[in-house]
Amino acid sequence: MHPKVKAILLWALVIFALYAIVTSPERAADILEGIWDVILGAFRSIGQFFSSLLD
C-alpha cells in the first residue's frame, strides 16, 4: 500500500475514533470493553490449548 494512502487511512481512523468518543463516550467504552474481552478470551484459549498439550 502506498505510504500516503496508509497515512490518510490512519488519520481517518483516528479522527473517527475521536468523534465516536466525543459524541457517545458510553458507547465507545462499551465497544472497547468488548474488544478487550475478545483479546483476553483469545489469550485464555491459547493458554488452554498449550496447557492441554502438556498434559
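First things first, this report covers the structure right here in the doc. (Residues numbered from 1 in each chain as written. Predicted model: local features only at pLDDT ≥ 70, side-chain atom pairs only at ≥ 80, totals over all residues. Heavy atoms only, no water.)

Observations concerning the overall build of the chain
Piece 1. A count of helices and strands for the chain gives 2 helices and 0 strands.
Piece 2. Taken over C-alpha atoms, the radius of gyration comes to 17 Å for the chain, far larger than the 10 Å a tight globule of 55 residues would show.
Piece 3. For the chain, the C-alpha atoms occupy an extent of roughly 50 × 35 × 5 Å along the three principal directions.
Piece 4. Across the 55 residues in the chain, those meeting the buried criterion constitute 2%.
Piece 5. Accessible area of the chain: about 5200 Å², with a carbon and sulfur share of 74%. (Helix = DSSP H or I, 4+ residues; strand = E, 2+ residues; numbered from the N terminus. Rg over C-alpha atoms; globule rule 2.2 N^0.38 Å. Buried < 20%, exposed > 50% of the residue type's maximum accessible area, 1.4 Å probe, protein only. Areas by Shrake-Rupley, 256 points an atom, 1.4 Å probe, with all protein chains shown as cover.)

Considering helix α1 (residues 3-23)
Piece 1. With 21 residues, α1 should cover 30 Å at 1.5 Å per step; its first-to-last C-alpha distance of 30 Å lies within 8% of that length.
Piece 2. The element α1 is largely exposed, with a buried count of 0 among its 21 residues. (Expected span 1.5 Å × (residues − 1).)

Thoughts on a negative patch on the surface
Piece 1. On the surface, a cluster of negative charge is contributed by Glu-26, Asp-30, Glu-33 and Asp-37.
Piece 2. Assignment of secondary structure puts Glu-33 in helix α2 (residues 25-54). (Patch = residues over 30% accessible without salt bridge, like charges linked within 9 Å, V, L, I, M, F, W, Y side chains within 5 Å. Salt bridge = Lys/Arg side-chain N within 4 Å of Asp/Glu carboxyl O. Lys, Arg positive; Asp, Glu negative; His and termini not counted. Charge placed at Lys NZ, Arg CZ, Asp CG, Glu CD.)

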